[in-house]
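The chain contents come next:
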Amino acid sequence: MERPNPQTATEGAVTHVDVLVVGAGISGIGAGWHLKDQCPEKSFLILEKKDSFGGTWLTHSYPGIRSDSDLYTFGYRFKPWTSAPIANGEEILKYLGEVIEENAIDEHIRYGHTITSAAFSRADNLWTVMATDNATGEEKRFTATFLWMCQGYYNHEKPYTPEWEGMGDFTGEIIHPQLWPEDADLAGKRVLVIGSGATAATLVPAIADEIEHITLLQRSPTYFWPAPNANELADTLREIEIDEEIIHPIVRKKILFDQQQTTARCKTEPEVVKEELLAGVREFLGPDFDIEKHFTPRYRPWQQRLAFIPDGDLFQGIAAGKASIHPDTIDRFTENGVRLNSGEEIEADIVITATGFNLSVLGDIPFSVDGEPVSWPETVTYRGMMFTGVPNMVWIFGYFRASWTLRVDIVADFVCRLLHRMDELGAARVEVALRPEDADMAIGPWGDADDFNPNYLMRDMHLLPKAGDKPEWRHTQDYWTECETLPAIDLGGDEFVFGGSAAPDPAVEPATATAD
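Just so it is clear, the structure is predicted and the values come from calculations on it, not from any experiment.

Caption draft 1: Molecular detail of the pairing of strand β15 (residues 337-340). Here strand β14 (residues 330-333) pairs with β15 via 3 bridges, running antiparallel. In the strand pairing of β15, F333 is matched with V338. From the end of β14 to the start of β15, which pair antiparallel, there are 3 residues. In this sheet, strand β16 (residues 345-347) lies alongside β15 in antiparallel orientation, the contact comprising 3 bridges. Looking at the pairing, V338 lines up with I346 of β16. Linking β15 to β16, which pair antiparallel, is a turn of 4 residues; within it G343 sits at a positive phi near 100°.

Caption draft 2: Region of interest: the nonpolar core. In terms of nonpolar packing, the biggest core is built from 142 residues, with L147, W148, Y153, F367, M393, W395 and F414 touching the most fellow members. With 12 residues, the single largest contributor to this core is helix α11 (residues 404-425). Excluding residues that lie within four positions of it along the chain, F414 makes contacts with M385, M386, V394, I489, L491 and F496. One finds W164, I194, L217 and A348 within the second-largest nonpolar core, a separate group that totals 13 residues.

Caption draft 3: The packing of aromatic side chains, seen in detail. According to the stated counting rule, one finds 37 aromatic pairs in the structure shown. Aromatic pair F397 and F400: ring centres 5.8 Å apart, planes at 85°, arrangement edge-to-face. Taken individually, F397 and F400 each receive the classification buried, so the pair is uniform in this respect. Above the plane of the ring of Y160 lies R459, whose end atom (NZ or CZ) is 3.5 Å from the centre.

Caption draft 4: Quick peek at the pattern of salt bridges. Taken as a whole, this structure holds 31 salt bridges when the rule is applied. Between E98 and K79 there is a salt bridge whose closest N-O contact spans 3.2 Å. Linking E98 in helix α4 (residues 89-102) with K79 in the loop between α3 (71-74) and α4, this pair joins segments that are 19 residues apart in sequence. The partly exposed category is assigned to E98, whose relative accessible area is 25%. Salt-bridge contacts for D331 lead to R339; the nearest nitrogen and oxygen are separated by 3.1 Å. Taking the relative accessible area as the measure of exposure, R339 reaches 32% and is therefore partly exposed. Linked by salt bridges that have partners in common, R435, E437, D438, K470, E472 and E495 make up one network.

Caption draft 5: Fine view of the sheet that holds strand β17 (residues 350-353). Pairing is parallel across the open sheet formed by 5 strands, whose spatial order is β8-β17-β9-β10-β13. Single-partner strands in this sheet number two, and they are β8 (173-175) and β13 (323-327). Geometrically, the sheet is characterised by an average inter-axis angle of 20° between neighbouring strands, direction not taken into account. Of the strand pairs in this sheet, strand β10 (residues 213-218) and β13 are connected by 5 bridges, and their pairing is parallel. What sits directly across from T215, in β13, is S324. Sheet contacts for helix α5 (residues 198-207): β9 (190-194), β10, β13 and β17; angle to β10, the most-contacted strand, approximately 170°.

Caption draft 6: Focus on the sheet that holds β14. Reading across the sheet, the 3 strands line up as β14-β15-β16 and stay open at both edges, with antiparallel pairing between neighbours. Across the chains shown, the open sheet's two edge strands, defined by having one partner strand only, are β14 and β16. When strand polarity is set aside, the average angle formed by the axes of neighbouring strands in this sheet is 25°.

Caption draft 7: Expanded view of the confidence of the model for the protein. On average, residues of the protein score 92 in pLDDT, and 95% of them reach the 70 mark or higher. Residue range residues 503-516 is modelled with pLDDT below 50. Its contacts to residues more than four positions away, or to other chains, number 22 contacts.

Caption draft 8: Representation of the packing of helix α1 (residues 26-38) against α4 within the structure. At their nearest, the axes of α1 and α4 sit 10 Å apart, and the two run at 25° to each other. As the angle between them shows, α1 and α4 are arranged roughly parallel. Relative to α4, α1 is oriented so that their crossing is left-handed. Facing α1, whose interface residues are I26, I29 and W33, α4 presents L96, V99 and I100.

What counts, and at which threshold
Residues numbered from 1 in each chain as written. Predicted model: local features only at pLDDT ≥ 70, side-chain atom pairs only at ≥ 80, totals over all residues. Heavy atoms only, no water. Pairing = 2+ DSSP bridges. Helix = DSSP H or I, 4+ residues; strand = E, 2+ residues; numbered from the N terminus. Core = buried A, V, L, I, M, F, W, Y, C linked by side-chain atoms within 4.5 Å. Buried < 20%, exposed > 50% of the residue type's maximum accessible area, 1.4 Å probe, protein only. Contact = heavy atoms within 4.5 Å. Phe/Tyr/Trp six-rings, centres within 6.5 Å; stacked < 30°, edge-to-face > 60°. Lys NZ or Arg CZ within 6 Å of the ring centre and 35° of its normal. Salt bridge = Lys/Arg side-chain N within 4 Å of Asp/Glu carboxyl O. Axes fitted to C-alpha atoms, helices over the stretch in contact; angles between N-to-C directions. pLDDT = per-residue confidence, 0-100. Parallel < 35°, antiparallel > 145°, perpendicular 65-115°, else oblique. Left-handed = near helix turned anticlockwise from the far one by under 90°.

Below you can see the structure in the form of structure tokens.
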């Protein structure tokens, strides 16, 4: 039987919901689906800064933009992925759009709203979120019992570009992929791409055919994993006409099993894995190519993210002479290009700075609790999703070594279970607090630099909440453990402090109700 959507309540200029979700990217859309599925009695809205959904897949429009995780695990567990494992941005947006349309999530999304502040009051056990309507400039007030932060973890408007000497002297064009201009003209140009990660590896083969020549300049190489853009198990199951609803969980389990084995081997036998990865590159570039110089990182595998190269397209371009690679660092920009610290100068008409992004903690939104500003580095995280001293809030921060969306699903399960527990107790507030047995626990940075140390995390680690040395008080980045431990969390544990009395719904006129 179809159930009507819970009603969003409005009074004057205030809109009240049970749950306010921030962000309509892959995390926020997933949150909306789980709320409708597991908490149909809860009213919710999704506030999105942009004019459409998609998050990363909307804001990133550079040539060749694609996933660097397979879509069987980057897709949601509840909607099968039926195409090639590595998908481009357009295909991912189509998939997200289908989730929204098939589940009537669009009626819960308010696009074009930039949040300017978020304040929690223990006196009334409510979040008050102020947002600007981008189209009109009008300030709008939203209140919610629970705040679910799904806005990601990097700044979409301000990517990271180092300040190199002489950038103003360069007479060509400097482009950051995150801010790709619609009118970019690369035809017949000499292009220099600075960077060594997934973005650079995606861009180079995507533009190689239209330009005169492309050079990839990398300070340190990344570990690349070339393989066919296909899943043999999925293709075999389709060939014998197994239903997609059955194929999806089976293929997910197999991929996750293989990833778990690889992740473990990167720690127990890193040199063996290193040689296997380099051998994959050598298959495309041949025995005479200097793999040691151009493609051997200074760190062990998975200490930074592996970059999957579908069908080895990056190396095919290098082997064909359309692209070249330089392992060096920049001394300065010149009028005609870039001078390296080796003394060599690379001339270019366009320089693309695929140099990463800036971390954004909780959307860089000013937060306060009971009138006091929240300083995130002074909080301690509970499993990378809740924070001491900040009630009724969860942040989805996904995985680095597994697909981001895997954590969307299991954190959503936790949130819905937590909301039900609050209802059972008649509680209007829940927060996490260190237990007596945590009194002597060592407190340190959010992440372990020896375990995972990408530059964007190292640059801005000081902005993130702190972590303890117990698994409850850190983001372990270990999906294979969390898929068992998060569902088993004891909500009656001492780390959860419930309080307040759940008040009846505000006596205000409901907005127009809609039905599934």
